[in-house]
Amino acid sequence: NGARVWLFTDVRPGIHFFTIRVSVNTTVTDGDTLRNDVKCEFKIPNGFTWNTTAWAETTIRMPQFQIVKVVDKTYAYPTEILTYTIWYNNTGSLTSPWVRIEDTMPVGVTYRGVSGASIPWQSGNMLRWDFYNVAPGNHFFTLRVTINANVADWTLLTNSIWCNFTLPNGYTLSDGSSDASTIVI
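Residues numbered from 1 in each chain as written. Predicted model: local features only at pLDDT ≥ 70, side-chain atom pairs only at ≥ 80, totals over all residues. Heavy atoms only, no water.

1. Some words on the side chain of Ser96
With respect to the helices and strands, the residue Ser96 is situated in strand 6 (residues 96-104). Among the residues examined, Ser96 registers a relative accessible area of 0% and is labelled buried. A polar atom in the side chain of Ser96 sits 3.0 Å from the backbone oxygen of Trp98. Sequence-distant contacts of Ser96, that is, excluding residues within four places in its chain, are made with Pro63, Phe65, Asn90, Tyr132, Asn133, Val134, Phe165 and Thr166. (Helix = DSSP H or I, 4+ residues; strand = E, 2+ residues; numbered from the N terminus. Buried < 20%, exposed > 50% of the residue type's maximum accessible area, 1.4 Å probe, protein only. Polar contact = N/O pair within 3.5 Å; in protein donor to acceptor, adjacent residues only side chain to side chain. Contact = heavy atoms within 4.5 Å.)

2. Section: the sheet that holds strand 6
Remark on secondary structure: sheet strands pair via backbone hydrogen bonds, oriented parallel or antiparallel. Read from one edge to the other, the open sheet built from six strands follows the order 4-12-11-6-9-8, with strand pairing classed as mixed. Each end of this open sheet is capped by a strand with a single partner; those strands are strand 4 (75-76) and strand 8 (121-123). Summarising the sheet, strand 8 and strand 9 (residues 126-134) pair through three bridges and their orientation is antiparallel. The partner of Gln122 across the bridge, within strand 9, is Leu127. (Pairing = 2+ DSSP bridges.)

3. Digging into the environment of Thr142
Inspection of the secondary structure assignment puts Thr142 in strand 10 (residues 140-147). Thr142 sits 119 residues away from Ser23 along the chain, and the two C-alpha atoms are 38 Å apart. Setting aside its immediate chain neighbours within four residues, Thr142 contacts Thr83, Tyr84, Thr85, Gly113, Val114 and Ser115.

4. A short note on the pattern of salt bridges
According to the stated counting rule, one finds seven salt bridges in the structure shown. Asp130 is paired through a salt bridge with Arg100; the nearest N and O atoms lie 2.8 Å apart. A residue pair is termed long-range when its members are at least 10 positions apart, and Asp130 in strand 9 and Arg100 in strand 6 qualify at 30 residues. The exposure class of Arg100 is partly exposed, given its relative accessible area of 21%. (Salt bridge = Lys/Arg side-chain N within 4 Å of Asp/Glu carboxyl O.)

5. Focus: the nonpolar core
Counting 33 residues, the largest nonpolar core has Tyr88, Val99, Ile101, Trp129, Phe131, Phe141 and Leu143 as its most contacted members. Mapped by element, the contributors of at least two residues to this core are strand 3 (65-71), strand 5 (81-90), strand 6, strand 7 (109-115), strand 9, strand 10, strand 11 (156-166) and strand 12 (172-184). Not counting the four nearest positions on each side in its chain, Ile101 is found in contact with Ile67, Ile86, Tyr88, Leu127, Arg128, Trp129, Phe131, Phe141, Ile161 and Trp162. (Core = buried A, V, L, I, M, F, W, Y, C linked by side-chain atoms within 4.5 Å.)

Written out as structure tokens, the structure reads:
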């Protein structure tokens, strides 16, 4: 249950304290409340035992991301342009110092451009964007690709993305993935 016990003997009159430092695990989310309870039991010189309790709460404040990708066409022909909209919404209460989005384009498409973001780093079919100081709120950009002329009918083109971000203390978290698909006709 996380309980810890300390025993202090011969405590003199006066103010006494100690500090406990804890690490918060990565399962918390923005808005969670953490509570710490303490119970102090002490004996006075006549042997009588007294108890007192206290507690403290803290509310987690952190960036938190929802990543969503949509495509403008469910069905498309070879040589058509597909436009993907990528949403990276900071639904938390703090700015994230850094957000990385990686996009794996499907085989059979060619990158054509992006709007609302810088030109991505590219390696093969992988595109990567780094965004800095992403405030709470909705953020998006669009990505355009062309379906290659030699893609066979009924080919399913699935474009996948994932998102990592950092907390203000520099700790990196992953906050999901999303994909969007088009069938070539």
